2 protein chains.
Amino acid sequence: MVRMEFAKGHGTGNDFVILPDPDGRLALTPALVAAVCDRRRGIGADGVLRVVRSAKHPDASGYAGEAEWFMDYWNADGSIAEMCGNGVRVFTRYLVDAGLASADPGGLPLATRAGVVRARVGEQEISAGLAPPRLGGPSTATVDGQDFSGTVVDCGNPHLVCTGLSGDRLSTLDLSRPPGYDASVFPSGVNVELVSTVAERHVRMRVHERGSGETLSCGSGACAVAAVVLRDAGLDTGTVTVDVPGGRLVVTLDGDACWLAGPAVIVATGTAHLPTVR
Amino acid sequence: MVRMEFAKGHGTGNDFVILPDPDGRLALTPALVAAVCDRRRGIGADGVLRVVRSAKHPDASGYAGEAEWFMDYWNADGSIAEMCGNGVRVFTRYLVDAGLASADPGGLPLATRAGVVRARVGEQEISAGLAPPRLGGPSTATVDGQDFSGTVVDCGNPHLVCTGLSGDRLSTLDLSRPPGYDASVFPSGVNVELVSTVAERHVRMRVHERGSGETLSCGSGACAVAAVVLRDAGLDTGTVTVDVPGGRLVVTLDGDACWLAGPAVIVATGTAHLPTVR
């Protein structure tokens, strides 16, 4: 039996099990992560955020002088991912709630496998300062039997942002199957965002994440969408409100970083008792 | 903010949030149950099991002399269900683990909305003594484009048990869409079990639950299947091993009750902090 403390939290419906392990003593394995994230036999989440001091983890000790805490992020299937925007927001909420860090006016520095990022803590919202999206050329996705033209965006992971849908079309679209896409453009698959305009610099999106299907929220997808909306308005910087099925995100490109803002809450804390897994 | 103690447990992959509330003080509402069971924004489960003294709940006070504890069971959508076989098993595991009851050789009596049931506690397994299934006539389900003939079974809820599938056919069957059925036989819908024989009185089943889709386990479905297997062997009583996607259940009909046996585990305990809901 593996016994460990945990918290569960989410940002706009993207949910995480947080494992506090300040001194890096927990023997986290892909099998244990998968057992924790199993929604029926475990606690259940989209991924695990281990809270460990940068100095105590080999992947982050080089950042220890700059960022006290390392976000050791794992996907629900036990694979490791470099970055997760909603993960940074929930991780920060946990640190502040648990008294392990306090809000830093300049942004709290956090070590991740994609380098040091910063998080700003507001009353209700937490903002994650991510790398600005890089815009690419056009490509096409096939969803629900219809072709949608879009823009390739690189947020560290690959996106195709398809704007211009009517509100009705966006609401009724069947996203239960993976979109078709140009594999020569996206050799490792793609996250596809379908976008409808609500007002000036305010859009609503649905997203199909590669490997996960339709999800309630995708932080990098919201950033990709904001970059395309600003470009289409002739702007390099600015703020875009992005409604996702799980809530509202606000994305600000300021020339240096892409700030992803929105609610992040801890909904439970406790002790897990899981069968030993190999 | 609603703050409450909870445990999470499962029986063969059928999972529950357990809310200890011995004195019946918790203002449980459909909206709060749905918030607790939300798999991304809450804790997540197939249903809630409130642990309350029979004497302290209006639906169970008449059983107080016979059964100290009432299993106040709610479905994930906030509706109330009378009975849940895997729920009884997980509820009993919680009572024993928490020291609120001890194993009773004659079976621990528990109040439910379907009356008083008994639970037997083994080393690894817990058995729930349920009402014996009542066998009906033939009917037909259409699954994955194929018609399957089966037997109508009433376990308090309606089932159609279709036996005789090959192991390969059972494994490859597409159960992602609701089966077609005869609405004149099942005016309130039906749970459909597809069954393949493994050995004598040992079967493997998959189940499509009305309202839920394919699930990892269905306690009443396993009981229904066992009753059909025994009848086909010319028996009224006996034991049938039923492998479900979430594990192994063993069903024994002894003439008086239908005993549903299998593993039941508590995987986490903690405190939930949920937004106030109405």
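Residues numbered from 1 in each chain as written. Chains lettered and ligands numbered in written order. Predicted model: local features only at pLDDT ≥ 70, side-chain atom pairs only at ≥ 80, totals over all residues. Heavy atoms only, no water.

S.K.: Summarise the overall build of chain A; cite the residues concerned and give the values.
M.R.: Counting its regular elements, chain A contains 4 helices and 17 strands. On C-alpha atoms alone, chain A measures out to a radius of gyration of 19 Å, which is about the 19 Å that the 2.2 N^0.38 rule sets for 278 residues. Based on the C-alpha atoms only, the size of chain A along its principal axes is roughly 50 × 40 × 30 Å. Taken over 278 residues, chain A has a buried fraction of 53%. In chain A, 62% of the contacts between residues at least 6 apart in sequence involve partners at least 24 apart. Summed over its atoms, the accessible surface of chain A is roughly 11,400 Å², and 48% of this surface lies on carbon and sulfur atoms. In chain A, 24 side chains carry a positive charge and 31 a negative one; their mean positions are 5 Å apart. (Helix = DSSP H or I, 4+ residues; strand = E, 2+ residues; numbered from the N terminus. Rg over C-alpha atoms; globule rule 2.2 N^0.38 Å. Buried < 20%, exposed > 50% of the residue type's maximum accessible area, 1.4 Å probe, protein only. Contact = heavy atoms within 4.5 Å. Areas by Shrake-Rupley, 256 points an atom, 1.4 Å probe, with all protein chains shown as cover. Lys, Arg positive; Asp, Glu negative; His and termini not counted. Charge placed at Lys NZ, Arg CZ, Asp CG, Glu CD.)

S.K.: Residue-level account of the relation of the copies chain A and chain B, with values.
M.R.: The two copies are related by a screw operation: chain A maps onto chain B through 180° of rotation and 0.0 Å of translation along the axis, at an RMSD of 0.0 Å. The operation mapping one copy onto its partner corresponds to a two-fold rotation axis. Residue glycine 270 of chain A, judged by its C-alpha, is the member of chain A lying nearest the rotation axis, at 1.9 Å. When the interface residues of chain A are mapped onto chain B, 100% of them again lie at the interface, so the same face is used by both copies. (Least-squares fit on C-alpha atoms with pLDDT ≥ 70 in both.)

S.K.: Go over helix α2 (residues 85–97) of chain A with me, naming the residues and quoting the values.
M.R.: Along its 13 residues, α2 of chain A runs 19 Å from first to last C-alpha, staying within 8% of the 18 Å computed at 1.5 Å per residue. The first or second residue beyond α2 of chain A is glycine 99 of chain A, which carries a positive phi of 75°. (Expected span 1.5 Å × (residues − 1).)

S.K.: Help me get a handle on the pattern of salt bridges, residues and values and all.
M.R.: Side-chain pairs of opposite charge can arise whenever the charged atoms involved come near each other. Under the criterion given, the structure shown has 38 salt bridges over all chains. Between aspartate 15 of chain B and arginine 39 of chain B there is a salt bridge, with its nearest N and O atoms 2.8 Å apart. Placement of the pair is aspartate 15 of chain B in strand β2 (residues 14–20) and arginine 39 of chain B in the loop between α1 (30–37) and β3 (47–53), with a sequence separation of 24 residues. Using a relative accessible area of 0% as the deciding quantity, one classes aspartate 15 of chain B as buried. Connected through salt bridges with shared partners, the residues Lys8, Asp15, Arg39 and Asp46 of chain A together with Arg40 of chain B form a single ionic network. (Salt bridge = Lys/Arg side-chain N within 4 Å of Asp/Glu carboxyl O.)

S.K.: Before we move on, can you summarise the interface of chain A and chain B with the specific residues and values?
M.R.: With 23 residues of chain A in contact, the opposing surface of chain B contributes 23 residues. Counting the surface lost from both chain A and chain B, the interface buries some 2,000 Å², and carbon and sulfur atoms represent 45% of this. The three residues of chain A that bury the most area against chain B are Arg40, Arg41 and Val267 of chain A, which together make up 36% of that side's buried surface. Here chain A and chain B share 4 salt bridges between them. Two residues, arginine 40 of chain B and aspartate 15 of chain A, come together in a salt bridge whose shortest N-O distance is 4.0 Å. (Buried area = accessible area lost by both parts, 1.4 Å probe.)

S.K.: Any chance you could break down the domain arrangement of chain A for me, citing the residues and the numbers?
M.R.: Residues and elements named next belong to chain A. Taken domain by domain, chain A consists of domain 1 (2–130 + 263–274) and domain 2 (134–256). On a C-alpha basis, the centres of domain 1 and domain 2 stand 25 Å from each other. Across the boundary between the two partners, domain 1 contributes 8 residues, which contact 10 residues of domain 2. Taking both partners together, domain 1 and domain 2 bury about 580 Å²; carbon and sulfur atoms supply 53% of that area. (Domains from an automatic or database assignment.)

S.K.: Describe the packing of aromatic side chains, listing the residues and the values that go with them.
M.R.: All chains considered together, the criterion is met by 4 aromatic pairs over all chains. With centroids separated by 6.2 Å and ring planes inclined at 65°, the aromatic side chains of phenylalanine 16 of chain B and tyrosine 73 of chain B adopt a geometry described as edge-to-face. You can see phenylalanine 16 of chain B sitting in strand β2 and its partner tyrosine 73 of chain B sitting in strand β4 (residues 69–75), a full 57 residues away along the chain. For the pair shown, phenylalanine 16 of chain B and tyrosine 73 of chain B are each scored as buried. Taking the centre distance of 6.3 Å and the plane angle of 75° together, the rings of tyrosine 181 of chain B and phenylalanine 186 of chain B count as edge-to-face. Arginine 120 of chain A extends its terminal NZ or CZ atom over the ring of tryptophan 259 of chain A, reaching a point 3.6 Å from the ring centre. (Phe/Tyr/Trp six-rings, centres within 6.5 Å; stacked < 30°, edge-to-face > 60°. Lys NZ or Arg CZ within 6 Å of the ring centre and 35° of its normal.)

S.K.: Could you give me a rundown of the side chain of threonine 215 of chain A, with the residues and numbers involved?
M.R.: Assignment of secondary structure puts threonine 215 of chain A in strand β13 (residues 213–215). Ignoring anything within four residues of it in the chain, the contact list for threonine 215 of chain A reads Val207, Glu209 and Pro245 of chain A.

S.K.: Tell me about the pairing of strand β5 (residues 108–112) of chain B, residues and numbers included.
M.R.: Residues and elements named next belong to chain B. Counted residue by residue, β5 has 5 buried out of 5 residues, so it is predominantly covered. Neither face of β5 is open: one carries Leu108, Leu110 and Thr112, the other Pro109 and Ala111, and all of them are buried. The hairpin turn running from β5 into strand β6 (residues 115–121), its antiparallel successor, is 2 residues long. (Pairing = 2+ DSSP bridges.)

S.K.: Give a detailed account of the side chain of aspartate 46 of chain B, specifying residues and quantitative values.
M.R.: Residue position: aspartate 46 of chain B is located in the loop between α1 and β3. Here the side chain of aspartate 46 of chain B touches asparagine 14 of chain B through a polar contact of 2.8 Å, side chain to side chain. (Polar contact = N/O pair within 3.5 Å; in protein donor to acceptor, adjacent residues only side chain to side chain.)

S.K.: An account of the layout of surface pockets is requested, with residue identities and associated values reported.
M.R.: All names here are of chain B. Its volume calculated, the largest pocket comes out at about 1,200 Å³. Forming the boundary of the largest pocket are 45 residues, of which Ala81, Met83, Cys84, Asn157 and Ser220 lie nearest the centre. Put simply, the parts of the chain that give the lining of the largest pocket at least two residues each are β4, α2 (85–97), β6, β7 (125–130), β13 (213–215) and α4 (219–232). When its residues are assigned to classes, the lining of the largest pocket shows 19 nonpolar, 16 polar and 10 charged. (1 Å grid on protein atoms, 1.4 Å probe; cavity = no way out; pocket = protein on both sides within 12 Å on 5 of 7 lines; lining within 4 Å. Points joined across faces, edges and corners; volume = space filled by probe spheres on them. Nonpolar A, V, L, I, M, F, W, Y, C, P; charged D, E, K, R; others polar.)

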